[in-house]
Structure formats: C-alpha cells, structure tokens
There are 2 protein chains.
Amino acid sequence: MRATVMYGAGDVRVETLPDPVLQEPTDAIVRVLRACVCGTDLHPYRSKPPSAQGAPMGHEFLGVVEEIGSAVSGLRTGDVVVSPFAYSDGTCEYCCEGLNTACPNGGFFAGAQAEAVRVPQAGGTLVPLPVGEDSPLLPSLLTLADVFGTGHHAAVQAGVDERTTVTVIGDGAVGLLAVLAAKRLGAEQIILMGRHKERTDLGREFGATDVVADRGAEGVELVRALTGGHGTHAVLEAVGHRPAYDQAVGVVRAGGVISRVGVPQYEDAPVGMGSLFRPNVTLTGGPAPVRAYIDELLPDVLEGRVEPGKVFDRTVGLDEVPDAYRAMDERAALKVLVTP
Amino acid sequence: MRATVMYGAGDVRVETLPDPVLQEPTDAIVRVLRACVCGTDLHPYRSKPPSAQGAPMGHEFLGVVEEIGSAVSGLRTGDVVVSPFAYSDGTCEYCCEGLNTACPNGGFFAGAQAEAVRVPQAGGTLVPLPVGEDSPLLPSLLTLADVFGTGHHAAVQAGVDERTTVTVIGDGAVGLLAVLAAKRLGAEQIILMGRHKERTDLGREFGATDVVADRGAEGVELVRALTGGHGTHAVLEAVGHRPAYDQAVGVVRAGGVISRVGVPQYEDAPVGMGSLFRPNVTLTGGPAPVRAYIDELLPDVLEGRVEPGKVFDRTVGLDEVPDAYRAMDERAALKVLVTP
C-alpha cells in the first residue's frame, strides 16, 4: 500500500509499504476513506532530526472495516467507522470513566495518512457510522477523530457553560473548533485570539463574538478591555508554544481555568504566586479522550447542527500529502483533507 | 500596645507600637483574644533579609470588636468575631461568587500577633461568633481564620467526595486539616505523607487511612503501591516547596487534580508532556477564600463534630511569640496559640 513517511524536518515522502495485517486477535484492518494532516504533525515537520528510519505519519482517519480479529466484537466488515487518534480497550476503569487516553492497553496512532491502517483494540476504539462511503458528511465526521473532540475537551475541562466567558488562543483547526464547542455549550462571550483573517472569519461563523489579532501584552490588554478588566472565566489554549501559555495567564480571570489542548512544546512554565497561584487559576487539559465524546457529538454532526468539517479548506490525494504539509506549514492551508 | 515585628530571618521581637485607630469609615478595631503563628510565617523567618524597618506579623486572629467605623454594618462593639486572613468588601462580584481573596478592595492581614488590630472592610470581613470570650471552642474557631479553611479549600478545589481517593502532602497544620476536610467531605481513602509521628498520629485521628513517611521517589512508589499503581484522584499539597510539587506529580492519578494551598516558594515548575499534560492532570489552588467557607464550617465546629483546634500543641503569651517561632521552626511545636 501507499503510505506517508517522514524522514526529518521538511522531508515527507509517500512510499509503498507492506499492507497491514492482523497481528493480535483484538486488531482490525481499516481501508482509509479520509485522513488529514494535523497541526501536531507540523511540530516534527519543523524540528525532527534527519533519520534513515522514517516515521509513519497521520493519526486521524475514517474508513471501511476490511478484516476483523477473532476477539473483536461490535464491528462487521464493510462498516464505515471513525477512529479516535488514540486507541483504547473500552473496558478498563479509565475508559469506563471517559479518560480513554489513559487506557493501559491504549496508545496513539501513527500511519493513518495511508491506504490502510491496522487498528489495535478495534472493538474499544472504532465507532460505526450510519453513513455510506460517499457521504458528504465525511469531512465533518472525520473531525470526530481529533480536532472537534479536542476542541470540545478544552471547553469541557474548562467548565464552559452559558454563564462562562471564553478566550480561545489560536486560530488553527483546534482553536476554531474550540470556538464551535464553546458556542455549542452555550458560552455567552467567545473571544478568539488569532491573526489570520480568513481563519478568524470562520471563527466568527463558528460563534466567536470578538476577535483579537494582537499577541503578547497588547493582545492581553485588548482581551481585558473586552471583559471589564477581568479577563475570561475560561481560556482554551490551542497552540502549545510557551508564548501562548503566557498569553493564557494574562487573559484568565481570577478563579478561572486555563485549559490546554495544544501539545506543549515546553516542559517548565510559571505556576507560582506571579502567575497561577495568587489568583486561584486552574490549569487543566491534555490529550483529549475523543472516543468518550463521540457519542455526544455525533448526533449534532449527523443532523447538521454543527459543521466542523468547514475547517478543511483543501483536499489532496495521497501522493500530494507532502504538498499538504508544505501548505499547512506556510499557512497557505488551514487543514488539508486526504482522500487515499 | 504590644505587637510582634520581624526584622529579618530569625529576628522576631515584641515591641510597643501605637494603638491602632480607625482610618477609614469601613474599618473596625478588634482586641485580639487569640492569634497564632502560621507555617507561612516561617518562610520569612528563614529567609527575610535583615532590615531596620520591621514587618508586623500575624494574619490569624479572633477577638472582640472595640470600635466600628461609620460605614460598617452587621457588627456591634463587644461582638466576638473571627477574621479571615484576607479582608474583603463582601459586595464585589468576586466576593459574591466566593472568591474573596480576589476582592479588588481586599488584601492580606499583617499585624495580628498583637493586642489589637485595625480591620479594613470590617463589615465584609469579620464574622460574629455565638460564643463568649472564654469559650473552650476558641482554638477550633481560630482555625477558621486560615488553616481549616485552607485545608478545606484544597479539598474543595480538588473535588473531593465519597468516590475520591486522596493524598495529602505535608503534616503541618494545613496538611492535617486538609485530612480533616477530606474526611468531612467523605473521601474513601486518605494517604498522609509526613515524617513526624506525633503529627501523623493526629492525622490518623483526623481521618488519614494510611501514612507514608518516605519522600521523593520512595514515597511516590509507596503511594502507588497503596492505590493499585494508579495514584490518587486528589493530591492536596500543603507545603509549598518544589519537592512537594514534584511529589504531587508523582502520586496523582491520570485525570486527577493537584490542589495546592502551600504558598509556592518557586515560580516555574514542570507542566508539559512529562508531568501534567500527558495524563490530563489538573493543577489548581491558591490563597483560600476562607471567608466564603466559614458559613459552612462554623456549625460543625460549634457542635463539636470536628475539632480542628487540636493542631495547637502549645500556648504562649504575646511576649513569648519569638519562642513560638523558634519552636515551630525547629518542629518542636506543630502550631502555637497566642493569648495576648
């Protein structure tokens, strides 16, 4: 099969690899209908050291079940399914309480920008969808694999509801879908911090009430001016770089919550009297247990109440995936859909 | 009046200062019946640079209202009152939502280890108590000024309830009262990390189900062994030093909460993939809005259902306050009660 492999920063290739096969009785093989490139993929695209041993890329996909291991229940060959970016057994105590990303039998996918994928823990991971292989809903359904569920996680962890003011930091796909998630949960004010007009315009369509293009101290001042000087109850940080963290500390209201879903590209950050402690600010977030959210979000997607698939502004075939990385790296594309 | 002044590390003196007077119409003057020395006072006692200008000390007190400013309502002279360690107006949006430590007209007390105190924002701050000046409940009521409310804040922010396992880090007064607070909220397992047997014995009396005396990696391993390898849902950190933070990260369960009430003696700490983010751990806490908790905790103290005053293991007069600092610094005393 054809599959995407990254050999180092800027070096993404599409190659012919062996077809995936069942290795464990809990596996399934899925033929990929739609995959995509994630903002998270851009971190190694910008920094990965060159290596002769390439890394298979991609963790978001939906497709058709082709083969099923003997220990998998709840799936049939031919099912159209969506897969969370993390697999999980669906039966451990973490999965049962909705924190599938902590499943001891789970892990993160790699290799979904390909014609087919081996899915471990398939019974606990894959979710059958009541649509055909040519459904126009596939792009929106694909966002349940990661970016919509991740934006929703940010909002849920921050306790967003109809009494909450919200700042979203970042106008990438996750940031924009954090706006959509906050709107869906009833937030009364949603301030989107982002500099790219075509993206923040989509943010307004998703529910942003204000857009702040400035960053750093100027951006913080503008958000405070929009909130009577207080800052917002919830800050959804969808970037992952230290300046975004510092900006979050700057715009959060005393007693509020900073909820991070951008994978931190730093380890240490301020948490003491000068940042989180004095104002009783809570810091939360992490890899979203998107599997746990699909049941809640799927009906809204199927019935068209939300259209998270609008984040895809370009579609390519598998052989053009290197161009997709380049376009997203240069911000010429927001998020690229891949049709293998 | 006589009052406690700190001139630098290890240099605490009791001096004669001018009697406090009303300065604002929102002030009251309170004659101090009971004050005490706080673990927080030990930070400057160990590190404050020498200075010719001393700092008045003490932020926990209860006493008798002697004078009342013209704009104060809800108080009468002669009332026995307890004061939170932070004053607040009681009317702003932060006070109304129970985050009195963020009141824009508020601040932290200093100067309560004295015969009398000027109380700003007295109407929003002081709470009349239905007891006499010689009530045997005074020590327990005094803990409502800080340490019991602070332990309770740690437990509340961590979401402690009857389905929660809890680790408390620190066997000082706040740590022990965090145990009591967690027990009061119904926690099923409470592991107290502390090295001083007479203190951890009181912790067991307050509700600790397990005691771990080891620290660092050994302590983390023992807590994990007590929790099926998982760690606990809630970690109440009542120390404030970086090793305690690192220990909290080590013993918290995936998806759990680290709730800090020990004033951090550091600013930066790990928050990235290697610490909080990957396991979706939440970091919360800050200066406790103890004013907001008094209504809830007071009945249990008055009716003897809890006896937080047991943390006082020594009583001194005002002139012996320097000895009280020394005893607490040397861990010869857990918490010293002062009777001016």
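Calculation rules
Residues numbered from 1 in each chain as written. Chains lettered and ligands numbered in written order. Predicted model: local features only at pLDDT ≥ 70, side-chain atom pairs only at ≥ 80, totals over all residues. Heavy atoms only, no water. Salt bridge = Lys/Arg side-chain N within 4 Å of Asp/Glu carboxyl O. Helix = DSSP H or I, 4+ residues; strand = E, 2+ residues; numbered from the N terminus. Buried < 20%, exposed > 50% of the residue type's maximum accessible area, 1.4 Å probe, protein only. Least-squares fit on C-alpha atoms with pLDDT ≥ 70 in both. Contact = heavy atoms within 4.5 Å. Phe/Tyr/Trp six-rings, centres within 6.5 Å; stacked < 30°, edge-to-face > 60°. Lys NZ or Arg CZ within 6 Å of the ring centre and 35° of its normal.

1. Structural notes on the pattern of salt bridges
All names here are of chain A. Within the structure shown, the criterion is met by 40 salt bridges over all chains. Across the salt bridge formed by E60 and K335, the nearest N and O atoms sit 3.1 Å from each other. Placement of the pair is E60 in the loop between β4 (55–56) and β5 (61–68) and K335 in the loop between α11 (321–329) and β19 (336–339), with a sequence separation of 275 residues. Residue E60 shares its accessibility class with K335, and that shared class is buried. In this structure, E303 and R305 form a salt bridge, with 2.5 Å as the shortest nitrogen-oxygen distance. Given the relative accessible area of 54%, E303 is considered exposed. Under the relative-accessibility criterion, R305 is labelled exposed at 51%.

2. Some words on the relation of the copies chain A and chain B
Laying chain A over chain B is done by rotating through 180° and shifting 0.0 Å along the axis; what remains is an RMSD of 0.0 Å. The relationship between the two copies is best expressed as a two-fold rotation axis. If distances are taken from each C-alpha of chain A to the rotation axis, the shortest is found for A:L283, at 2.5 Å. A high fraction, 100%, of the interface residues of chain A reappear at the interface in chain B, so the copies pair face to face through one surface.

3. Describing the environment of A:V212
All names here are of chain A. Position of V212 among the secondary structure elements: in strand β13 (residues 210–212). Accessibility expressed as a relative area gives 3% for V212, which makes it buried. Along the backbone, V212 and I191 are 21 residues apart, and their C-alpha atoms lie at a distance of 7.0 Å. Those residues in contact with V212 that sit more than four places away from it in its chain are I191, L192, M193, G194, G219, L222, V223 and L226.

4. Quick look at the packing of aromatic side chains
All names here are of chain A. The tally for this structure, following the rule as stated, stands at 10 aromatic pairs over all chains. With a centroid separation of 5.5 Å and an interplanar angle of 70°, the aromatic rings of Y87 and F109 are classed as edge-to-face. Highlighted residues: Y87 in strand β7 (residues 86–87) and F109 in the loop between β8 (107–108) and β9 (116–119), separated in sequence by 22 residues. Taken together, the ring pairs in this structure connect F61, Y87 and F109 into an aromatic cluster. If you follow R13 out to its NZ or CZ, it ends over the ring of Y7, 3.9 Å from the centre.

5. Focus on unusual backbone geometry
All names here are of chain B. The phi angle at Q121 is positive, at roughly 50°, despite the residue not being glycine. Residue placement: Q121 occurs in the loop between β9 (116–119) and α3 (122–125). Accessibility expressed as a relative area gives 18% for Q121, which makes it buried. Despite not being glycine, R331 has its phi angle at roughly 60°, a positive value. Considering the arrangement of structural elements, one finds R331 in the loop between α11 (321–329) and β19 (336–339). Classification of R331 as partly exposed rests on a relative accessible area of 38%.

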